[in-house]
Amino acid sequence: MEYSIQPVEGMTSKKVFWSALGTGILVLALLLVSFGISGVAYAVPIAGVGDFYVEFDKLEGNGYTFYPKMGETSSEDSAPQGTNLIETLTINHLQLYKDFKVGGNWIRVKITASKPVQITGLQHDAGLIEADAKFQNLALKETHSDDWQKQFQQTSSKITLEHAKLKTHYLFQKTINMNGMRLTVEKVNKK
């Protein structure tokens, strides 16, 4: 006797989903372990996973530039954002996380660093930044352009952010040194 399993439209196969999720997390963990062994990662983009959050106690950076833009998110083709460029920076007590709804439960994939994180060549697109901010040599500049995204720019020789939470859509670092890194996947209670 031969049996066949026919998926019901609109249903997700739990076996396929958990296999794909497990494989993805394993690959990510192997990648992060290789970063931990060498202590340095090169050209690390994090995009395409939708809104994720970055929290930290303190960021100190040099060579800061900000400009507005419209960019893609997990829920929209084009949403208002701000691009932050920082040449070199150090972050204390970094937490980066993304929540996923899996069936009726929420899981959180979280990366933390217990030691200061050193980054060069940061590009960060954010929809929200909440922080105590300090700038040195802050300059706001307007430029005539038909492209509204080129009409305004903010620069600073030094930026300090404390007690920060950032809603992020894209994150790229040319290099990152993340000693004391930890990756966790856990259930969270959300409504």
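Now for a quick tour of the structure. (Residues numbered from 1 in each chain as written. Predicted model: local features only at pLDDT ≥ 70, side-chain atom pairs only at ≥ 80, totals over all residues. Heavy atoms only, no water.)

Our next topic: the pairing of strand E4 (residues 105-113). Sheet faces and side chains relate simply in a regular strand, where the side chains alternate between the two faces. Of the pairings in the sheet, the one linking strand E3 (residues 95-102) to E4 comprises 8 bridges and is antiparallel in character. When the sheet's bridge partners are listed, Leu-96 is paired in E4 with Ile-111. Between the end of E3 and the start of E4, which pair antiparallel, lie 2 residues, with Gly-103 showing a positive phi angle near 65 degrees. Across 8 bridges, E4 lies against strand E8 (residues 181-188) in antiparallel orientation. Its bridge partner lying in E8, Val-109 is registered against Val-185. (Pairing = 2+ DSSP bridges. Helix = DSSP H or I, 4+ residues; strand = E, 2+ residues; numbered from the N terminus.)

Secondary-structure assignment places Asp-57 in strand E1 (residues 41-71). You can call Asp-57 partly exposed: its relative accessible area is 40%. Separated by 105 residues in the primary sequence, Asp-57 and Glu-162 have C-alpha atoms spaced 5.4 Å apart. With residues up to four places along the chain from it excluded, the contact list for Asp-57 reads Asn-92, His-93, Leu-161, Glu-162 and His-163. At 2.8 Å, the side chain of Asp-57 forms a polar contact with the side chain of His-93. (Buried < 20%, exposed > 50% of the residue type's maximum accessible area, 1.4 Å probe, protein only. Contact = heavy atoms within 4.5 Å. Polar contact = N/O pair within 3.5 Å; in protein donor to acceptor, adjacent residues only side chain to side chain.)

By size, the foremost hydrophobic cluster in this structure holds 23 residues, and its most contacted members are Phe-56, Leu-59, Ile-91 and Val-117. Elements with a contribution of two residues or more to this core: E1, strand E2 (79-92), E4, strand E5 (117-136) and strand E7 (152-177). Not counting the four nearest positions on each side in its chain, Ile-91 is found in contact with Phe-56, Lys-58, Leu-59, Lys-115, Pro-116, Val-117 and Ile-119. (Core = buried A, V, L, I, M, F, W, Y, C linked by side-chain atoms within 4.5 Å.)

Moving on, we come to the environment of Lys-141. Mapped onto the elements, Lys-141 comes out in strand E6 (residues 139-142). Remark: the alpha-carbon pair of Lys-141 and Gln-153, spanning 12 residues in sequence, is separated by 5.3 Å.

A word on the pairing of E5. As judged from the 9 bridges shared by E2 and E5, these two strands associate in the antiparallel manner. From the neighbouring strand, Ile-86 faces E5, where its bridge partner is Leu-122. Two strands pair when backbone bridges link them, and E5 and E7 are joined in this way by 16 bridges, in the antiparallel orientation. Bridging across to E7, Gln-118 finds its partner in Asn-177.

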